[in-house]
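Inside the fold
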Amino acid sequence: MTTRDCASPSAAPRPAPAAELGGLVAAVARGDRTAYARLYRAVAAPVYGTALRTLRSPSQAEEVAQEVLLEVWRTAAAYRPGRGTVMAWVLTIARRRAVDRARAARAAADRELRVALREQPVREPGAEPVAEQVERAFDAGRVRSALARLSGVQRESLVLAYYGGYSQREIARALGVPLGTVKTRMRDGLLRLRAAFDGA
C-alpha cells in the first residue's frame, strides 16, 4: 500500500490517540519494525495530505511523503514529547519537506526558463512567483516562533487541523478530549497566533 492509498477517504485510518503514537515512536527509536509499520499506517495519510496541499501534485506529494516517513524511521530517537505530539512533529517535518520541494521546483523552472529565453523570465505586473508565495506563507522561522508561544495543547490542535487536515471532531477523538475543549483551544490558539504575527 502506498501513502497515496492510505490518503484515500475509504482507506484512511482513524487518527490514533496521542499516547499510542508516543509509544510507537519510542519503540521505533529502538529499531522495532512492527511498531514502525503501525506508525506508518497511522501517519501516512496526514503526511501525504500535508504534502499535497503544498505541492498540488500527487506524484510529488507521494515522493515527499516517502521521504518524510523514512526520516521518521531514521530520527525517531530525536522526538521529544515535551515539544508536542508525535503527529505535530511528523507533520512539521512533512510541511518543511514539501516547502523545500516547492522552492527547489520553482528554482529549477526559473533556471530552465532563463536558459531558454537567455534573459530573466517575464512576469505579469503584480504577479508573485510561486517560490515567493510559498516563502511568504510558510516562513519557517516566523511560524516556529509564533507556534512556540502557544501552549502545547493549543499547538497540537492547530497543527492537526491546518497541517493534518483533521476536523475538530477527529482531533477530539485523537486527543481523547471533548469537542468543546478542542474548539476552545483552537480559538485561543488562533487569537494568540494573530497577536504574535501582528507584533512581529
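One structure accompanies this document, and this report is about it. Not measured: the values here are computed from a predicted model.

**Here we look at the overall build of the protein**
- Within the protein one finds 10 helices and 0 strands.
- Counting helices and strands in the order they occur from the N terminus, the protein gives α-α-α-α-α-α-α-α-α-α.
- Taking all 200 residues of the protein together, the buried fraction comes to 40%.
- Here the analysis covers contacts within the protein between residues at least 6 apart in sequence; of these, 67% occur between residues at least 24 apart.
- Surface summary for the protein: the accessible area is close to 11,200 Å², and the carbon and sulfur share equals 52%.

**Considering the packing of aromatic side chains**
- Enumeration according to the criterion identifies 3 aromatic pairs in this entry.
- Aromatic side chains Tyr-79 and Trp-89 sit 5.4 Å apart centroid to centroid with 45° between the ring planes, which places their arrangement in the tilted category. Of this pair, Tyr-79 sits in the loop between helix 4 (58-75) and helix 5 (86-117) while Trp-89 sits in helix 5, and the two are 10 residues apart along the sequence.

**Some remarks on the pattern of salt bridges**
- Within the structure shown, the criterion is met by 7 salt bridges.
- Here Arg-101 ties to Glu-63 by a salt bridge, and the two come within 2.9 Å at their closest N and O atoms. Of this pair, Arg-101 sits in helix 5 while Glu-63 sits in helix 4, and the two are 38 residues apart along the sequence.
- On the basis of relative accessible area, Arg-101 is assigned to the buried category, the value being 17%.
- The class of Glu-63 is partly exposed, set by a relative accessible area of 43%.
- Linked through salt bridges whose partners overlap, the residues forming this network are Glu-63, Glu-67, Glu-71, Arg-96, Arg-97 and Arg-101.

**Brief notes about the environment of Glu-67**
- Along the chain, the position of Glu-67 falls in helix 4.
- Since its relative accessible area comes to 29%, Glu-67 is described here as partly exposed.
- A C-alpha to C-alpha distance of 8.1 Å links Glu-67 and Arg-97, two positions 30 residues apart in sequence.
- Residues contacting Glu-67, with those up to four places away along its chain left out, are Arg-97 and Arg-101.

**Focus: unusual backbone geometry**
- Residue Arg-56 is not a glycine yet carries a positive backbone phi of 60°.
- One can find Arg-56 in the loop between helix 3 (33-55) and helix 4.
- According to the relative accessible area criterion, Arg-56 is exposed, its value standing at 68%.

**So, the nonpolar core**
- Grouped together as the largest cluster of nonpolar side chains are 51 residues, with contacts concentrated most on Leu-21, Leu-39, Val-43, Val-47, Val-68, Val-90 and Ile-171.
- At the level of secondary structure, the elements contributing two or more residues to this core comprise helix 2 (18-29), helix 3, helix 4, helix 5, helix 7 (140-148), helix 8 (152-162), helix 9 (168-175) and helix 10 (179-198).
- With 11 residues, the single largest contributor to this core is helix 3.
- Leave out the neighbours within four places in its chain, and Leu-21 touches Ala-16, Leu-39, Ala-42, Val-86 and Met-87.

Calculation rules
Residues numbered from 1 in each chain as written. Predicted model: local features only at pLDDT ≥ 70, side-chain atom pairs only at ≥ 80, totals over all residues. Heavy atoms only, no water. Helix = DSSP H or I, 4+ residues; strand = E, 2+ residues; numbered from the N terminus. Buried < 20%, exposed > 50% of the residue type's maximum accessible area, 1.4 Å probe, protein only. Contact = heavy atoms within 4.5 Å. Areas by Shrake-Rupley, 256 points an atom, 1.4 Å probe, with all protein chains shown as cover. Phe/Tyr/Trp six-rings, centres within 6.5 Å; stacked < 30°, edge-to-face > 60°. Salt bridge = Lys/Arg side-chain N within 4 Å of Asp/Glu carboxyl O. Core = buried A, V, L, I, M, F, W, Y, C linked by side-chain atoms within 4.5 Å.

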